[in-house]
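# Summary of the model geometry
Letter by letter, the chains look like this.
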Amino acid sequence: FSFFAMLKIIFCDVATIQTTRAENLMNIDCQIRGKSDINEALSNMCEVEYMEGDNKVFCDNCKKNCDTILRTAISALPDVLILSLKRFDLDYTTFETVKLNSKCAFDHTLNMKRYTLEGVESLDKLSSVKSSVSDDVMDISEGDQIPFDSLSDEDYTYKLAGVLVHHGVAQGGHYYSFIRDRSSDEGNDKWYRFDDDDVS
């Protein structure tokens, strides 16, 4: 399971209140319409949403609607990360389900740090430090670590292990997969295509 957290920061008259609502997921659905690569799709998922004006959120503390910031981040990464590219979408002119055949690039490794709760909080701290000092000089001593950089990439990096492919249209088709032989030597990745009983 990967765990999602919806952060809600309410700015009310009394105080700034932050709440978190967690949700368990088996995989992460990535909206790929108009996205060129997987990082763009993940960034879109984690975009900040400002709830203002008619969209204000009710604050239990001050008993009125207040400006709110909503943000989604991953609070716990699983051992095996499954990303589902949402290739089936609704065509709003015909109201039929269509398959998106646009390219969505991805590498053999994926660093998830900036999409996690720790990464988001570290980037927020970094931006508040930058905004509190002038553009000319950053008051960071040589021994100080920038919070985001202090998070080890090793804890957030995944190596591609498999790809599930759909061949066909939204109304029908066939699935096959490419699987990396994880017992092969590092740097000598061997990939197999599994297509029903045909393995090559």
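Refer to the structure above for everything that follows.
Residues numbered from 1 in each chain as written. Predicted model: local features only at pLDDT ≥ 70, side-chain atom pairs only at ≥ 80, totals over all residues. Heavy atoms only, no water.

Per the stated rule, a full pass over the model turns up five salt bridges. As a salt-bridge pair, Arg-33 and Asp-89 come within 2.6 Å of each other at their nearest N and O atoms. Taken together, the residues Arg-33 in the loop between β3 (28-31) and α1 (38-45) and Asp-89 in strand β8 (residues 88-91) connect sequence positions 56 residues apart. As a salt-bridge pair, Lys-159 and Asp-189 come within 3.6 Å of each other at their nearest N and O atoms. Of this pair, Lys-159 sits in strand β11 (residues 157-159) while Asp-189 is found in the loop between β13 (172-180) and β14 (191-195), placing the two residues 30 residues apart along the sequence. Lys-159 sits in the partly exposed class, given a relative accessible area of 32%. The partly exposed category is assigned to Asp-189, whose relative accessible area is 30%. (Salt bridge = Lys/Arg side-chain N within 4 Å of Asp/Glu carboxyl O. Helix = DSSP H or I, 4+ residues; strand = E, 2+ residues; numbered from the N terminus. Buried < 20%, exposed > 50% of the residue type's maximum accessible area, 1.4 Å probe, protein only.)

Following the criterion strictly, the structure yields one aromatic pair and no others. Ring geometry for Tyr-176 versus Phe-178: centroids 5.8 Å apart, planes at 80 degrees, classification edge-to-face. A residue is classified by how much of its surface remains accessible, and Tyr-176, at 15% relative accessible area, is buried. Directly above the aromatic system of Tyr-176 lies the positively charged group of Arg-193, at a separation of 3.9 Å from the ring centroid. (Phe/Tyr/Trp six-rings, centres within 6.5 Å; stacked < 30°, edge-to-face > 60°. Lys NZ or Arg CZ within 6 Å of the ring centre and 35° of its normal.)

Let's shift gears to the sheet that holds strand β12 (residues 162-169). Reading across from one edge, β12-β13-β14-β15 is the order of the four strands in this open sheet, with antiparallel pairing throughout. Both edges of this open sheet fall to β12 and β15 (198-199), since each of them pairs with a single strand only. One ladder, built from eight bridges, connects β12 with β13; its direction is antiparallel. Paired with Leu-164 across the two strands is Ser-177, which belongs to β13. (Pairing = 2+ DSSP bridges.)

Geometric values such as these leave the question of function open.
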